[in-house]
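Listed here are the chains, written in short residue letters.
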Amino acid sequence: MAKTSSTTKDAQDLFHAIWSAYSATPTNLKIIDLYVVFAVFTALLQVVYMALVGTFPFNSFLSGVLSCVGTAVLAVCLRIQVNKENKEFKDLAPERAFADFVLCNLVLHLVIMNFLG
Amino acid sequence: MAKLIFLILTLIPILCTSFSPDKPSDRRILVLVDDFAVKSSHSLYFKSLQSRGFDLDFKLADDPKIALQRYGQYLYDGLVLFSPTIERFGGSIDAAAILDFVDSGHDLIVAADNNASDLIREIATECGVDFDEDYTAMVVDHAGYAVSSTEGDHTLIASDDFIKSDVILGSKKIEAPVLFQGIGHSLNPSNRLVLKVLSASPTAFSANPKSKLTSPPSLLGSSISLVSVIQARNNARILISGSLSMFSNRFFNSGVQKAGSPTKHDKSGNEQFLTELSKWVLHERGHLKAVNVKHHKVGETDEPSIYRINDDLEYSVEIYEWSGTTWEPYVADDVQVQFYMMSPYVLKNLANDKKGHYFTSFKVPDVYGVFQFKVEYNRLGYTSLSLAKQIPVRPFRHNEYERFIPAAYPYYGAAFSMMAGFFVFSAVHLYNK
Amino acid sequence: MAATDAQSSLRHAFGNVLVFFILILIGVLAFSIRLFSVIKYESVIHEFDPYFNYRVTQFLSKNGIYDFWNWFDDRTWYPLGRVIGGTVYPGLTLTAGTLWWVLNSLNIPLSVETVCVFTAPIFSAFASWATYLLTKEVKGSGAGLTAALFLAMVPSYISRSVAGSYDNEAVAIFALIFTFYLYIKTLNTGSLFYATLNSIAYFYMVCSWGGYTFIINLIPMHALLCVVTGRYSSRLYIAYAPFVILGTLLASLVPVVGFNAVMTSEHFASFLVFILIHVVALVYYIKGILSPKMFKVAVTLVVSGGLAVCFAMIAVLIAMVASSPTMGWSGRSLSLLDPTYASKYIPIIASVSEHQPPTWPSYFMDINVLAFLVPAGIIACFSPLSDASSFVILYIVTSVYFSGVMVRLMLVLAPAACILSGIALSQAFDVFTRSIKFQLPSLSVDSHVDAGGASSESVGPDDTVKTDKTEDAHKERTSKKSRKKEKEPVEKPPSKSQIKKRLSVLPLETSIIAIILLVLLGAFYVVHSVWAAAEAYSAPSIVLTSHSHDGLHVFDDFREAYAWLSHNTEVDDKVASWWDYGYQTTAMANRTVIVDNNTWNNTHIATVGTAMSSPEKAAWEIFHSLDVKYVLVVFGGLVGYPSDDINKFLWMVRIGGGVFPHIKEPDYLRDGQYRIDSMATPTMLNSLMYKLSYYRFVETDGKAFDRVRRTEIGKKHFKLTHFEEVFTTHHWMVRLYKLKPPKNRIRGKIKKTKSKSTPKTVSKRKGLKRNPF
């Protein structure tokens, strides 16, 4: 009993701590996070759809899911590079990071288009 | 003089066209006899041949000047061996030459007798017919012999056990039994090329009529064949008979009554039987040709070099039968075509329009590979048709699939939404302070 | 300061130019050392597989890429056909096709064959440049140049990329090294641009060779290693995660791989590590934003709750994987992981000679001196240990294991060995040249010899002018050990303010002699590589030569037979032979074959194998059912060619017996021994392969002595009843037979009687001896 109540209290404390720490992050990073959440959510939707309908056009399923996951991953990479607290990337211009991000996304979407049909 | 030259000149084209692959009936026949008495004693049979347009060339079997071919060309289109006692042929003919003659597509009629020589027996064995190894044996039938005024040893038998085939024996039923006196032979049941045309009755056996039986005879009953035909794989036809006398005028004209049967026929069935049979052997009946194999996709006329799976195609072929003088359309319902790759994937009956044109249409199966259009037609008494045309079948090209699959619309939507999101996000990210 | 800056920048510029020229020379060297076969023989395609690639490239150049993509080949694997577009790795053919097309549009009219023959040397030059780039990322440009030089000449790589060896490995090794270079570069810089390039290079690798599974397993292994050893950084995430996503997508684009990219066990490692790296990234992130106390709370919560979920998922995954009989691995991968797998289950894979484990001498033959330098390189990589050098160490360890399983994979070992040896040799040169430089009278740094130097000094006087390589290596190792020993006190916690660089300096004579010995080492390597390239690996195997007392004999029998076939048979005739010769027959003779080197249909190969092992009539039936018209047999007994069909016959029996149980291998062996002499079993003597190989062989020397098996054959006089010989080449190496058509008449049962010996009968018999068989 006590253990569970202590764990729930710990959980709540943890939750508050995370929430407060997260709110401290700058807005542009939060936008990126929102984008990531959107992508992951779409991916989950597709997985649920596939579980209902079956894997028939498997290549379309793969390309849809991988496009979402890929977008998420690339956005996370951008976030890593743009985050000012990251000491390894402090001499990387954010424009350069963004340009790389755009290039990678272009390649990703090109491949997705090819694989979709 | 000019008239003679003119006559010769007009005859030359006729002579040239007298034997061409388009007219499978043979025209020139070499008849080898033991002595020329056969020519007159069997004249009715020969006249029946000559009346149908055959040129008979009578020669003694050991005439040193006889030859089947000269300078690589065959001089005759058919061979009749009415020389059962010949030990060695004259001239350049021997067993191997005769068999080569048959293997090059020509027909053969062989008549043996109770004094048949080794050579005749050997030729018969090479063709698939085994005469009784006992040289003194004749076919004896104590219950199916021909009733005659003199008491014989029952070697003259009357048989009516014919093969059931209108193609071989003609459409008119042979009423009277056939008289036979000679040696019997047996056939290997696993040999698909030989046919028993006239079998002995179940009570017949093959043994020496002059001596008592010491051991059971090797040839018994209906397995004894009196007259057999062979259709070789190249459609050459061979007739082998165990009796020369059944071709004679005496047997043709005599009446016959089978022992144990009340009816007495005025004329034996020999003439009708042997005449109809000779028509079959000399390709005047039952000779088919298949021409004009065509296949194309439904809706097109050109023959493609490759099909795709699940295509619809049409196949047609023309089959004609030689009537002795012209090619007539062949009408049958059981001609089938196979679409074959190691096993038939499609097997369909060909419909026909009664004018010799056979056609059908079907869908190419869902398997890719190299297929063949196969028509295998083997009917009793007819030449075998074996057509095979190879055609590859390919799978779908990458752009022959459905373009947009309805079940996949959510995935398309997701991918496009990702792209839209990317645009929006990059705009926001760039212009965000 | 400015002067020294200018000086150093001038030195840098000069160094760069020098590097550039050295690289050009290395490229030229790599290209020209592979031209021996063109000089000794002719510009011809070698072996078997390259002929298929050549034929595909011809088709591509003639018909364009869409027809190539959709090509259904009906002239092979008759009657099943083969969908080329979906079963071939297109990288090589597309590369050569593009090269040919570019050259032709520039109006340089090279034929397709020339382009195909020279593709491999060109790409080996590229591969050595890629090695330079890779090693530069790991250790610096000095090591890079040395590694590039080693790769240009390493015999193992030469063996698969001589001019004429137009096979997948020719471009695949370049793609492999280049992919690794881009991965390391991404790891070092953390730039997404290089990550994109990495994925594209990986795509090129997937297009080229089935060995791409090595990359997709090595990189996750390395990522896992980094995480486990605590070297996780966000650069690792950027290097790894986009690569997995883009790489999987691009791999699925290639038709040969298709959905295997997500469904087979070969790729699961990448997905598992992908998930793991996300977890690790999340953990680090949370750790970053929370206080340590809260983090501990988070850990306990997650560990208790999340672990249960994790176990459930893993259990589901294991159940899915275990449900398939091979646990999702393909046959080839399983034969790599378990060396005994192929011989038990897949005789076709086991029968290829390239798939056998290598012998110890073959290591020395193929990578020569590098075998000694590699351990030194491994140690050099440990000091200092960076992400890049840990990758290289992992690469060498895994490739050594795989090369020990299959001799063909020595090729994957070669670049790793070159990289590590390059590092080792360049470090050694570094030490020695620095010692020399510091001991020149203009500098006064004698006092820097310390205790470590003393130990190497004790070794110094021992060294005489021996050209002993092992002593060299020993010396290098002691010098390395000494360097490491004194580096340790230097690498104390960074709290030390003074970072005094303590250099180890060896005595001048020692250094000079050591440098000379190292140069000698390199010279041995060069001599060996050139010899290997010239003598051992340049044989085109379609033309054979032998030196005898009366000069050089050339055996061009294969091409003679294929030319005969193409000139004397109908276009649609089918030729049956053992699968080794399928590609060559379709490419050179242009005839339809039944089975070829692709070996994708085991049953079809077993059918041919059964036919070769059966007596004549049964074999005729089998071949007739496959519409075969001609049978091709390779026979080396007259000239002593050891790779002929009689030597391969037992494999035909095994493979045939694997599918058709009436063929039993013990029937063909006498007391467990494979013989073809008079003690051979009747089954062996009656088999079609025996008869077709030795038909009329006794006419050559009267005794029918087989030079390969070194014995007289068992059955010498026999006739063929269902086949007839149509062609035998000049040295009897290739023999062609035609199936006789079925007999026109079927003979009756009475046996042929002997002809009566009357004086009138003229016997036309040939004087053939009656043989007891």
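Residues numbered from 1 in each chain as written. Chains lettered and ligands numbered in written order. Predicted model: local features only at pLDDT ≥ 70, side-chain atom pairs only at ≥ 80, totals over all residues. Heavy atoms only, no water.

Engineer: Can you break down the overall build of chain A residue by residue, with the values?
Structural biologist: When helices and strands are counted, chain A shows 4 helices and 0 strands. Relative to the 2.2 N^0.38 estimate, which gives 13 Å for 117 residues, the radius of gyration of chain A is 19 Å and therefore markedly larger than a compact globule would have. In terms of its C-alpha atoms, chain A occupies a principal-axis envelope of roughly 55 × 45 × 20 Å. A total of 117 residues make up chain A; the buried ones form 46% of that total. Nonlocal contacts in chain A, meaning residues at least 24 apart in sequence, comprise 68% of its contacts between residues at least 6 apart. Here chain A contributes 8 positive and 8 negative side-chain charges, whose respective centroids are spaced 4 Å apart. (Helix = DSSP H or I, 4+ residues; strand = E, 2+ residues; numbered from the N terminus. Rg over C-alpha atoms; globule rule 2.2 N^0.38 Å. Buried < 20%, exposed > 50% of the residue type's maximum accessible area, 1.4 Å probe, protein only. Contact = heavy atoms within 4.5 Å. Lys, Arg positive; Asp, Glu negative; His and termini not counted. Charge placed at Lys NZ, Arg CZ, Asp CG, Glu CD.)

Engineer: Hey, could you go over the interface of chain A and chain C for me, with residue numbers and the actual values?
Structural biologist: Taken together, the contact between chain A and chain C spans 37 residues of the former and 33 residues of the latter. Buried surface at the junction of chain A and chain C, summed over both partners, amounts to about 3000 Å²; 83% is from carbon and sulfur atoms. Linking chain A to chain C there are 0 salt bridges. Taken together, the links from chain A to chain C amount to 4 residue pairs in polar contact (both at pLDDT 80 or more). Secondary structure elements with two or more residues in the side of chain A that touches chain C: helix 1 (2-23), helix 3 (58-82) and helix 4 (94-116) of chain A. When residues of the side of chain A that touches chain C are assigned to their parent elements, the largest contribution, 14 residues, is made by helix 3 of chain A. (Buried area = accessible area lost by both parts, 1.4 Å probe. Salt bridge = Lys/Arg side-chain N within 4 Å of Asp/Glu carboxyl O. Polar contact = N/O pair within 3.5 Å; in protein donor to acceptor, adjacent residues only side chain to side chain.)

Engineer: Describe the domain arrangement of chain B, and please don't skip the residues or the numbers.
Structural biologist: All names here are of chain B. Partitioning chain B into structural domains gives domain 1 (24-281), domain 2 (290-398) and domain 3 (402-431). Residue-level contacts link 13 residues of domain 1 with 8 residues of domain 2. Roughly 800 Å² is buried in total at the junction of domain 1 and domain 2, and carbon and sulfur atoms are behind 57% of that figure. Seen at the junction of domain 1 and domain 2, the total is 4 residue pairs in polar contact (both at pLDDT 80 or more). The residue makeup of the side of domain 1 that touches domain 2, split by class, is 6 nonpolar, 4 polar and 3 charged. (Domains from an automatic or database assignment. Nonpolar A, V, L, I, M, F, W, Y, C, P; charged D, E, K, R; others polar.)

Engineer: If you had to explain the nonpolar core to someone new, which residues and values would you point to?
Structural biologist: Ranked by size, the top nonpolar core spans 243 residues in total, and within it F180, F623 and F723 of chain C carry the most contacts. The leading source of residues in this core is helix 22 (residues 410-439) of chain C, at 16 residues. Once residues within four sequence positions are removed from consideration, F180 of chain C is found in contact with L134, F214, I215, L218, I219, F391 and Y395 of chain C. In terms of nonpolar packing, the next biggest core, distinct from the first, is built from 79 residues, F162, L179, V281 and L387 of chain B among them. (Core = buried A, V, L, I, M, F, W, Y, C linked by side-chain atoms within 4.5 Å.)

Engineer: Provide a residue-level description of the packing of helix 11 (residues 212-228) of chain C against helix 14 (residues 268-289) of chain C, including the pertinent values.
Structural biologist: Residue and element names in this part refer to chain C. Between helix 11 and helix 14, the shortest axis-to-axis distance is 9 Å and the interhelical angle comes to 25°. Between helix 11 and helix 14, the angle falls in the class roughly parallel. Remark: the crossing between helix 11 and helix 14 carries left-handed chirality. Contacts from I216, N217, P220, A223, L224 and V227 in helix 11 reach A269, S270, V273, L276 and V280 in helix 14. (Axes fitted to C-alpha atoms, helices over the stretch in contact; angles between N-to-C directions. Parallel < 35°, antiparallel > 145°, perpendicular 65-115°, else oblique. Left-handed = near helix turned anticlockwise from the far one by under 90°.)

Engineer: Explain the UniProt feature "transmembrane region" (unreviewed entry) in chain A to me, and be specific about the residues and the numbers.
Structural biologist: The UniProt record annotates "transmembrane region" (unreviewed entry) at residues 32-52, 58-78 and 98-116 of chain A. This span, residues 98-116 of chain A, is 100% helix and 0% strand, and a straight line between its end C-alpha atoms measures 26 Å. (UniProt positions renumbered as here; feature names shortened; annotations may be inferred.)

Engineer: So, the pairing of strand 24 (residues 357-363) of chain B: which residues are in play, and what are the values?
Structural biologist: All names here are of chain B. Side-chain alternation along strand 24 places Y358, T360 and F362 on a buried face and H357, F359, S361 and K363 on a face that remains uncovered. Of the pairings in the sheet, the one linking strand 19 (residues 312-322) to strand 24 comprises 7 bridges and is antiparallel in character. From the neighbouring strand, L313 faces strand 24, where its bridge partner is F362. Count of turn residues in the strand 23 (residues 351-352)/strand 24 antiparallel hairpin: 4 residues, of which K354 carries a positive phi of about 65°. (Pairing = 2+ DSSP bridges.)

Engineer: Outline the pattern of salt bridges, supporting the account with residue identities and numerical values.
Structural biologist: Within this structure, the stated rule accounts for 42 salt bridges over all chains. As a salt-bridge pair, R408 of chain C and E169 of chain C come within 2.9 Å of each other at their nearest N and O atoms. Placement of R408 of chain C in the loop between helix 21 (387-405) and helix 22 and of E169 of chain C in helix 9 (residues 168-189) is noted, with a sequence separation of 239 residues between them. Overall, the relative accessible area of 1% leaves E169 of chain C in the buried class. When salt bridges with common partners are traced through the structure, they connect D103, E122 and E126 of chain B together with R745 and R747 of chain C into a single cluster.

Engineer: Describe unusual backbone geometry, naming the residues involved and giving the relevant values.
Structural biologist: Residue and element names in this part refer to chain C. Put simply, Y78 and P79 share a cis peptide bond, and its omega is -5°. Here P79 shows up in the loop between strand 1 (72-73) and strand 2 (82-83). Looking along the chain, the bond that leaves S383 and enters P384 is cis, with omega of 5°. Topologically, P384 is positioned in the loop between helix 20 (370-382) and helix 21. In this model, E47 sits at a positive phi of 55°, which is unusual for a non-glycine residue. Position of E47 relative to the elements: it lies in the loop between helix 2 (36-40) and helix 3 (49-69).

Engineer: I'd like to hear about the packing of helix 10 (residues 192-208) of chain C against helix 11 of chain C, residue by residue, with values.
Structural biologist: Residue and element names in this part refer to chain C. Across the interface, helix 10 lies against helix 11 with an axial gap of 8 Å and an inter-helix angle of 140°. With respect to helix 11, the element helix 10 is oriented oblique. On helix 11, the residues that touch Y202, M205 and V206 of helix 10 are Y212, I215 and I216. For the contact of helix 10 with helix 11, the residue count by class is 6 nonpolar, no polar and no charged.

Engineer: Quick one: what's the story with the interface of chain B and chain C, residue by residue and with numbers?
Structural biologist: Of the residues lining the interface, 37 residues belong to chain B; the matching set on chain C comes to 28 residues. Carbon and sulfur atoms supply 51% of the area that chain B and chain C bury against each other, a total of about 2900 Å² over both sides. Between chain B and chain C we count 5 salt bridges in total. Across the pair R745 of chain C and D103 of chain B runs a salt bridge, and its minimum N-O distance is 2.9 Å. Run the count over chain B and chain C and you get 16 residue pairs in polar contact (both at pLDDT 80 or more). Only helix 4 (95-103), helix 5 (118-127), strand 7 (129-131), strand 25 (369-377) and strand 26 (385-394) of chain B provide two or more residues apiece to the side of chain B that touches chain C. It is helix 5 of chain B that contributes the most residues to the side of chain B that touches chain C, 5 residues altogether. The residue makeup of the side of chain B that touches chain C, split by class, is 16 nonpolar, 9 polar and 12 charged.

Engineer: Lay out a nonpolar patch on the surface with the relevant residues and their values.
Structural biologist: Residues and elements named next belong to chain C. Taken together, V17, F20, F21, I24 and V28 make up a surface patch of nonpolar side chains, about 480 Å² in accessible area. With respect to the helices and strands, the residue I24 is situated in helix 1 (residues 2-33). Of the residues examined, I24 reaches a relative accessible area of 38% and is grouped as partly exposed. (Patch = residues over 30% accessible without salt bridge, like charges linked within 9 Å, V, L, I, M, F, W, Y side chains within 5 Å. Areas by Shrake-Rupley, 256 points an atom, 1.4 Å probe, with all protein chains shown as cover.)

Engineer: Explain helix 30 (residues 645-659) of chain C to me, using residue names and the numbers behind them.
Structural biologist: An ideal rise of 1.5 Å per residue puts 21 Å on 15 residues; helix 30 of chain C measures up with 20 Å between its terminal C-alpha atoms. All of the buried residues in helix 30 of chain C are D645, I646, K648, F649, L650, M652, V653, I655 and G656 of chain C. (Expected span 1.5 Å × (residues − 1).)

Engineer: Tell me what's going on with the sheet that holds strand 22 (residues 344-349) of chain B, and back it up with residues and numbers.
Structural biologist: Residues and elements named next belong to chain B. Spatially, the 5 strands line up as an open sheet ordered 18-26-25-21-22, and their pairing is mixed. The strands lining the two open edges of the sheet, one partner per strand, are strand 18 (307-308) and strand 22. Here strand 21 (residues 336-340) pairs with strand 25 via 3 bridges, running antiparallel. Of the residues in strand 25, the one forming a bridge with Q338 is K374.

Engineer: Residues and numbers for the packing of aromatic side chains, please.
Structural biologist: A complete count under the given rule lists 68 aromatic pairs over all chains for this structure. Relative to Y641 of chain C, the ring of F558 of chain C lies with its centre 6.1 Å away and its plane at 75°, an arrangement referred to as edge-to-face. Within this pair, whereas F558 of chain C is found in helix 26 (residues 557-568), its partner Y641 of chain C is found in the loop between strand 7 (630-634) and helix 30, the two being separated by 83 residues in sequence. The buried category is assigned to F558 of chain C, whose relative accessible area is 2%. Classification of Y641 of chain C as buried rests on a relative accessible area of 14%. Sitting over the ring of W327 of chain B, K289 of chain B keeps its end group 4.4 Å from the ring centre. (Phe/Tyr/Trp six-rings, centres within 6.5 Å; stacked < 30°, edge-to-face > 60°. Lys NZ or Arg CZ within 6 Å of the ring centre and 35° of its normal.)

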